[in-house]
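Chain by chain, the residues:
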Amino acid sequence: MEQYAIEMLHITKRFPGIIANDDITLQLKKGEIHALLGENGAGKSTLMSVLFGLYQPEEGTIKKDGVEVKINNPNDANDLGIGMVHQHFKLVECFTVLDNIILGVEPNKMGFLQKQEAREKVLALSEKYGLRVDPDAKIEDITVGMQQRTEILKMLYRDNEILIFDEPTAVLTPQEISELMQIMKNLAAEGKSILFISHKLNEIMEVADRCTVLRKGKYIGTVNTKDTSPAFLSAMMVGRNVTFHVEKTPASPGEVVLSIENMTVASKVHKNNAVKNVSLKVRAGEIVCIAGIDGNGQSEFVYGLSGLEPLVSGKITLKGKDITKATIRERSVMGISHIPEDRHKHGLVLDYSLEDNLILQTYFSPEFTSGAGFLKRKNIRDYANRLIEQYDVRSGQGAITTARSMSGGNQQKAIIAREIDKAPELLIAVQPTRGLDVGAIEYIHKQLIAQRDAGKAVLLISLELDEVMDVPDRILVMYEGEIVGELDPKKTSQEELGLYMAGAKRDEVKV
Amino acid sequence: MKKALRNPSVQAFVASIICIILGLLIGYIVLLFINPEGAAESILNVIKNFFTWSKPKTQLKQFGNTLAKTMPLLMCSLSILFAYKVGLFNIGVAGQYVAGSCACLYASLAWGWSWLPCLLFAIAAGAVLGAIVGFLKSYCNVNEVISGIMLNWISLYTANTILSKVKEVASPYTMYINDVNPSALLPNIGLDELFAKNKYVTIAVPLALLIAIAISIILNKTKLGYELKATGSNKNAAKYAGMRENRNIILTLVIAGGLAGLGAAMLYQTGYMRWECTQSSVPSMGFNGIAAAFLGGLSPIGAIFSSFFIQHITDGGQYVNTNFYSSQISDLISSVIIYLCGFVLFIKITMTNMLNRSEEKKIQRLKVPLADSGKDGDK
């Protein structure tokens with residue numbers, strides 16, 4: 001008989017009006033890496049909340065090492081040796097790595113901390129599993145990758161046997177991802193059991209032994225990754241075949257829509273400029289992609305272009321008009337649409353209804369505001385309903401749904417609907433598919449290409465290699481705030497692109 | 001029943017009522033501790049306020065007094081809630097109120113202005129103070145609570161200094177507007193007749209109610225309200241959408257300050273009260289406005305009722321039997337009740353949590369299939 005570290009058998013969890021988990025079975029073997037795959041809203045989070053005792057299932061049992069257990073709250077889960085690295089880390093920013101690791105289980109003698117003891121244990125653990133951290137560095141000063149390793153050490157320090165990783169790669173650079181994959185393999189080899197929640201198929205194929213797929217709250221199946229393919233997994237997840245390769249006709253670039261000359265933008269973090277002397281052109285009917293590893297000046301470049309931050313120097317021209325000094329509103333009215341990098345920070349007012357978010361860029365137009373300054377609610381509702389219909393934005397209560405309660409994919413669809421419907425000359429899309437599932441990604445890529453085919457200029461800023469290779473007509477690589485290479489996606493390879501992104505290779509780029 | 005309890009407005013109302021009852025209960029317990037003999041009578045008097053009087057005519061007159069003092073409180077609570085909707089905690093409302101008091105009193109007593117210019121001057125003074133906080137917030141990133149509290153004290157002592165020039169020789173109080181410059185008193189427009197010739201019931205009453213309605217409309221129906229609330233809810237998204245978020249923050253505090261200044265004029269220009277030039281604490285009107293705003297569920301219309309209630313309790317405090325209690329007890333009792341009023345949000349959240357839990361339990365108990373579980377847990 002096989003030994004399972006943890007078994008969740010026939011779990012059913014209902015919420016008013018919805019079955020979040022419908023007869024789901026998940027069996028985690030000792031020492032295996034088990035992936036849990038599913039789209040947003042498939043029930044992954046609910047299942048994990050059940051495992052942590054945050055919800056009590058209506059039906060089903062949980063077994064640890066073959067013995068039935070009752071998990072009433074997170075403390076019970078902790079006692080059973082279940083630990084989790086959340087997608088958004090739960091660390092105290094102003095504490096050191098060591099302080100964070102021992103937080104809550106501080107070794108002490110009569111109330112005095114025994115940090116030396118803790119330090120030795122942490123160092124031993126980090127040695128054993130190859131988790132490089134500096135125990136005395138403050139969380140706010142270290143990289144995201146190191147913060148994640150701190151979270152992992154936190155679990156190990158508590159002698160957890162079952163480790164759950166919730167979308168751990170969403171925040172990491174490609175190098176950090178491969179490092180994490182290695183760490184996970186080491187942990188499994190040492191006998192830890194790992195549950196890996198993800199919707200990135202390549203990572204699952206690389207690291208997981210088995211994969212359980214959920215769809216719309218239902219258990220679809222568990223497969224050995226050795227015997228399957230990414231295409232098969234995605235079909236299981238989405239319920240239909242998804243085209244991985246983006247289909248598009250060759251571009252027919254027209255006149256220059258956007259021209260940037262020697263743009264320099266200051267950094268908010270350090271004293272150097274984040275964007276240095278960047279020049280580029282985007283033409284009507286083409287998609288230009290700025291590729292690069294996160295933090296190489298892409299965000300600041302977009303802030304400068306959209307007007308969120310002032311330029312140190314340089315000139316921006318849109319359709320022949322100098323917009324260097326124009327305000328954000330002026331640029332928007334002149335035909336720049338911007339799908340922002342962080343949809344919660346910039347893209348949406350989460351407490352507003354969906355309809356109010358859909359008019360965020362156009363609320364002041366005569367269509368929505370009367371001369372006396374009153375909002376025309378009926379027009380707003382009609383407009384919102386049209387966009388919801390046309391762009392298939394799904395939500396609980398339609399136009400009056402609070403944006404906060406919508407799924408990430410539908411929030412992004414709402415932003416895309418708003419920005420595209422403005423009929424822009426230039427569409428700036430910054431990581432438009434971040435954190436979305438395969439179905440939504442496919443949809444968004446189609447929309448970008450449709451914009452291109454309608455003769456708009458599209459500027460895509462992306463960190464995802466697949467997206468960089470598939471979607472654009474031209475690739476510009478940004479490294480440390482400079483454009484270091486221009487590549488043709490049809491002729492280049494991921495390896496070559498990687499060399500440019502890592503700064504190992506650079507060309508003089510002519511505009 | 002449970003479905004009704006999920007409605008936000010119903011929730012706000014129920015929560016407010018619970019707060020009031022809790023406040024009265026604790027006030028009663030405090031009285032019991034100090035002296036059990038007069039507790040029941042005293043707390044009843046607090047609730048009865050002007051009904052303590054036996055003659056209907058006196059009742060009406062006293063009701064007019066409470067009403068006259070409700071309007072400045074309403075303005076302060078509107079000031080708080082307006083700023084709050086834009087994500088700002090305008091604790092500087094007390095200072096803005098002081099600035100308004102100083103402006104209208106000085107203009108009427110020293111310069112002999114008539115009522116309308118005095119009123120406008122008070123609004124301007126409050127608005128200027130609000131603008132200072134707004135500028136510091138948007139251009140120097142100074143937290144509005146810090147600068148607001150500092151300005152409360154600065155404006156208090158500035159007001160004391162300035163108003164000393166128009167005070168009576170023999171007392172620390174400012175002169176009577178009635179004697180010096182009756183033209184600065186707000187017109188009664190016949191309202192005094194309705195309240196047994198209470199001359200303190202003035203145009204301020206209908207004006208304040210109209211302003212409450214106007215604030216409600218601005219927040220919910222206009223482009224300005226849309227922009228301001230967006231800025232308050234997510235400053236970054238507002239900036240991204242091309243709204244001038246710095247201008248919006250300043251504008252909000254200017255409006256909030258103006259409301260507080262107007263509130264001051266609505267009290268002092270009735271002649272009901274005079275300024276005490278030696279006072280060393282900021283008038284409580286502004287701070288009570290915070291409680292009124294929350295008790296009213298942060299709705300301008302709700303604020304009308306909550307302001308009246310709080311003023312009612314405060315006035316009722318003077319009918320606590322002083323044979324049993326020292327005279328400060330009235331302030332203590334009303335402040336206990338006002339303090340509890342701040343718990344409205346807390347009670348709302350508790351209520352939602354309790355509803356969720358009972359719903360979950362019910363589902364678990366019945367193990368009903370999806371089709372029957374329905375949208376609400378109650379049939």
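Residues numbered from 1 in each chain as written. Chains lettered and ligands numbered in written order. Predicted model: local features only at pLDDT ≥ 70, side-chain atom pairs only at ≥ 80, totals over all residues.

A. Seen up close, the overall build of chain A. Within chain A one finds 17 helices and 22 strands. The C-alpha atoms of chain A give a radius of gyration of 25 Å, which matches the 24 Å a tight globule of 511 residues would have. In terms of overall dimensions, chain A has C-alpha extents of about 70 × 50 × 50 Å along its principal axes. Here the contacts in chain A between residues at least 6 apart in sequence split such that 68% fall between residues at least 24 apart. (Helix = DSSP H or I, 4+ residues; strand = E, 2+ residues; numbered from the N terminus. Rg over C-alpha atoms; globule rule 2.2 N^0.38 Å. Contact = placed C-beta atoms within 7 Å.)

B. Fine view of helix α13 (residues 377–391) of chain A. Residues and elements named next belong to chain A. The end-to-end C-alpha distance of α13, which contains 15 residues, comes to 21 Å, matching closely the 21 Å that a straight helix rising 1.5 Å per residue would cover. Taken residue by residue, α13 has I380, A384, L387 and I388 as its buried positions. Axial view of α13: buried residues confined to an arc of 100°, hence all on one face. Away from its buried face, by an angle of more than 90 degrees, α13 presents the exposed residues K378, E389 and Q390. Each element contacted by the buried residues of α13 is listed here: α12 (354–358) and α14 (408–421). Following α13 by one or two positions, D392 adopts a phi angle in the positive range, close to 55°. (Expected span 1.5 Å × (residues − 1). Buried ≥ 20, exposed ≤ 12 C-beta atoms within 10 Å, placed from the backbone. Arc of directions from axis to C-beta.)

C. Highlighting unusual backbone geometry. For H10(A), which is not glycine, the phi dihedral falls at a positive 50°. Note on placement: H10(A) falls in strand β1 (residues 4–15). You can call H10(A) partly exposed: it has 14 C-beta atoms within 10 Å. Phi at I189(B) takes a positive value of approximately 35°, unusual for a residue other than glycine. Under the C-beta neighbour-count criterion, I189(B) is labelled exposed, with 12 such atoms within 10 Å.

D. Expanded view of the packing of helix α5 (residues 93–109) of chain B against helix α7 (residues 144–163) of chain B. Residues and elements named next belong to chain B. Between α5 and α7, the shortest axis-to-axis distance is 7 Å and the interhelical angle comes to 20°. The angle between α5 and α7 places the two elements in the roughly parallel class. Where α5 crosses over α7, the two elements pack in a sense that is left-handed. Mapping the contact onto sequence places A94, G95, V98, A99, S101, C102, L105 and Y106 in α5 and G148, L151, N152, S155, L156, A159, I162 and L163 in α7. Among the residues making up the contact of α5 with α7, the classes are represented as 11 nonpolar, 5 polar and no charged. (Axes fitted to C-alpha atoms, helices over the stretch in contact; angles between N-to-C directions. Parallel < 35°, antiparallel > 145°, perpendicular 65-115°, else oblique. Left-handed = near helix turned anticlockwise from the far one by under 90°. Nonpolar A, V, L, I, M, F, W, Y, C, P; charged D, E, K, R; others polar.)

E. Region of the structure containing the pairing of strand β19 (residues 426–430) of chain A. Residue and element names in this part refer to chain A. In terms of residue burial, β19 counts as a mostly covered element, since 5 of its 5 residues are buried. Because side chains alternate across β19, one face comprises the buried residues L426, I428 and V430, and the other comprises L427 and A429, equally buried. Relative to β19, strand β18 (residues 336–339) runs parallel, the two sharing 4 bridges. Each residue of the ladder has a partner; that of I336, found in β19, is L426. Bridge analysis of β19 against strand β20 (residues 457–462) gives 5 bridges, and the strand direction is parallel. Looking across to β20, one finds that I428 is bridged to L459. (Pairing = 2+ DSSP bridges.)

F. Up close: the domain arrangement of chain A. Its domain assignment divides chain A into domain 1 (4–238), domain 2 (245–335 + 425–511) and domain 3 (348–423). Computed over C-alpha atoms only, the centres of domain 1 of chain A and domain 2 of chain A are separated by 35 Å. (Domains from an automatic or database assignment.)

G. A look at the sheet that holds β20(A). Residue and element names in this part refer to chain A. Strand order across the open sheet formed by 6 strands is β18-β19-β20-β15-β21-β22, with mixed pairing between neighbours. Looking at which strands have only one partner, the edges of the open sheet turn out to be β18 and β22 (482–487). Each neighbouring strand pair of the sheet contributes to a mean axis angle of 20°, computed without reference to strand direction. Across 5 bridges, the pairing between strand β15 (residues 287–291) and β20 is parallel.

H. Examining helix α6 (residues 174–189) of chain A more closely. Residue and element names in this part refer to chain A. Look at α6: 23 Å from first C-alpha to last across 16 residues, which is about the 22 Å you get at 1.5 Å a residue. Taken together, the buried positions of α6 are occupied by E176, I177, L180, M184, L187 and A188. Looking down the long axis of α6, one finds its buried residues gathered within 115° of arc, a one-sided arrangement. Among the exposed residues of α6, those oriented more than 90 degrees off its buried face are Q175 and A189. In this structure, the buried residues of α6 make contact with β3 (33–37), α4 (115–129), α5 (144–157), β9 (162–166), β10 (193–198) and α7 (201–207). G191, located one to two residues past α6, shows a positive phi value of around 100°.

I. Geometry of the interface of chain B and chain A. Counting residues at the interface gives 22 residues for chain B and 28 residues for chain A. Residue assignment for the side of chain B that touches chain A shows that the elements contributing at least two residues are α11 (223–233), α12 (235–240), α17 (344–366) and α18 (370–373) of chain B. For the side of chain B that touches chain A, the element with the most residues is α11(B), which contributes 5 residues.

J. Seen up close, the environment of I34(B). Residue position: I34(B) is located in helix α2 (residues 8–34). Separated by 107 residues in the primary sequence, I34(B) and N141(B) have C-alpha atoms spaced 47 Å apart.

K. Molecular detail of the confidence of the model for chain B. Per-chain confidence: chain B averages 87 in pLDDT, with 94% of residues scoring 70 or above. Ranking the helices and strands of chain B by mean pLDDT puts α5(B) first, with 96, and α18(B) last, with 42. (pLDDT = per-residue confidence, 0-100.)

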